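# Examining the three-dimensional arrangement
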Amino acid sequence: MMATPPKGKKFYLFRYPIAHSAAPAFHNLCFDAWGTEAPNTYELCSTSKVTKELWDVLMNQECDGAAVTMPLGPPTIPFLDDVSPESRVTGACNTIVKVLIPEGVKLVGQNTAVRSTIIAFLSAIHSF
């Protein structure tokens, strides 16, 4: 069962250097396949440091989350409201998710690389 996609939201990739990234083309193709009335977009945000501007982008109502690459993963953690167990153990996050709470939103750091590796490993040993 597929979750209902967000509508009219922006997602970002925070990274430097960034010009060569194929991520926006891939994600925007996926968003187009959802065919929502208000399309989502995935955009690049070139930065090598955690800055106020980065947090302003994240806290904008149009933004629904972001991918974060090295070297930004570890420095973002102190600014997040919460982190996944994988991020806590590794000291890094590669995804920031906005979670709605009664007071507004909170920013939660995830480490999807660790989670994906665990799933792949468990799948591989289960097939033996």
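The structure contained in this document is the topic of the report that follows. (Residues numbered from 1 in each chain as written. Predicted model: local features only at pLDDT ≥ 70, side-chain atom pairs only at ≥ 80, totals over all residues. Heavy atoms only, no water.)

### Looking at the overall build of the chain
If you tally the helices and strands in the chain, you get five helices and six strands. Traced from its N-terminal end to its C-terminal end, the chain shows the element sequence β-α-β-α-β-α-β-α-β-β-α. Taking 14 Å as the expected radius of gyration for a compact globule of 128 residues, we find that the chain reaches 16 Å, a close match to that expectation. Burial status across the chain gives 30% buried among its 128 residues. Taking all contacts inside the chain whose residues are at least 6 apart in sequence as the whole, residues at least 24 apart take part in 65%. Carbon and sulfur atoms make up 63% of the accessible area of the chain, which totals about 8,200 Å². Seen as two clouds, the 10 positive and the 11 negative side-chain charges of the chain have centres 4 Å apart. (Helix = DSSP H or I, 4+ residues; strand = E, 2+ residues; numbered from the N terminus. Rg over C-alpha atoms; globule rule 2.2 N^0.38 Å. Buried < 20%, exposed > 50% of the residue type's maximum accessible area, 1.4 Å probe, protein only. Contact = heavy atoms within 4.5 Å. Areas by Shrake-Rupley, 256 points an atom, 1.4 Å probe, with all protein chains shown as cover. Lys, Arg positive; Asp, Glu negative; His and termini not counted. Charge placed at Lys NZ, Arg CZ, Asp CG, Glu CD.)

### Brief notes about the pattern of salt bridges
Tallied over the entire structure, the rule returns four salt bridges. The shortest N-O distance in the salt bridge between Arg 88 and Asp 82 comes to 3.5 Å. Judged by its relative accessible area of 31%, Asp 82 is partly exposed. The partner of Asp 82 in a salt bridge is Lys 106, with the nearest N and O atoms 3.9 Å apart. Of this pair, Asp 82 sits in strand β4 (residues 82–83) while Lys 106 sits in strand β6 (residues 104–110), placing them 24 residues apart in sequence. You can call Lys 106 partly exposed: its relative accessible area is 25%. Overlapping salt bridges bring together Asp 82, Arg 88 and Lys 106 as one network. (Salt bridge = Lys/Arg side-chain N within 4 Å of Asp/Glu carboxyl O.)

### Quick notes on the sheet that holds strand β2 (residues 41–46)
If you trace the six strands from one edge of the open sheet to the other, you get β2-β1-β3-β5-β6-β4, paired in mixed fashion. Lying at the two open borders of the sheet, with one neighbouring strand each, are β2 and β4. The pairing of strand β5 (residues 95–101) with β6 spans seven bridges and is antiparallel. Residue pairing for β6: Leu 100 is matched across the bridge by Val 105. Contacts between helix α1 (residues 23–34) and the sheet are confined to β1 (10–15) and β2, with β2 contributing the most and set at about 160° to the helix. (Pairing = 2+ DSSP bridges. Axes fitted to C-alpha atoms, helices over the stretch in contact; angles between N-to-C directions.)

### Some points on a nonpolar patch on the surface
A cluster of nonpolar side chains, namely Ile 118, Phe 121, Leu 122, Ile 125 and Phe 128, defines an oily patch on the protein surface of about 580 Å² accessible area. Judged by relative accessible area, Ile 118 falls into the partly exposed class, the value being 41%. (Patch = residues over 30% accessible without salt bridge, like charges linked within 9 Å, V, L, I, M, F, W, Y side chains within 5 Å.)

### Re the environment of Pro 85
With respect to the secondary-structure elements, Pro 85 resides in helix α4 (residues 85–90). Among the residues examined, Pro 85 registers a relative accessible area of 55% and is labelled exposed. For the pair Pro 85 and Arg 115, spaced 30 residues apart in sequence, the C-alpha separation works out to 9.8 Å.

On their own, these measurements won't tell you what the molecule is for.
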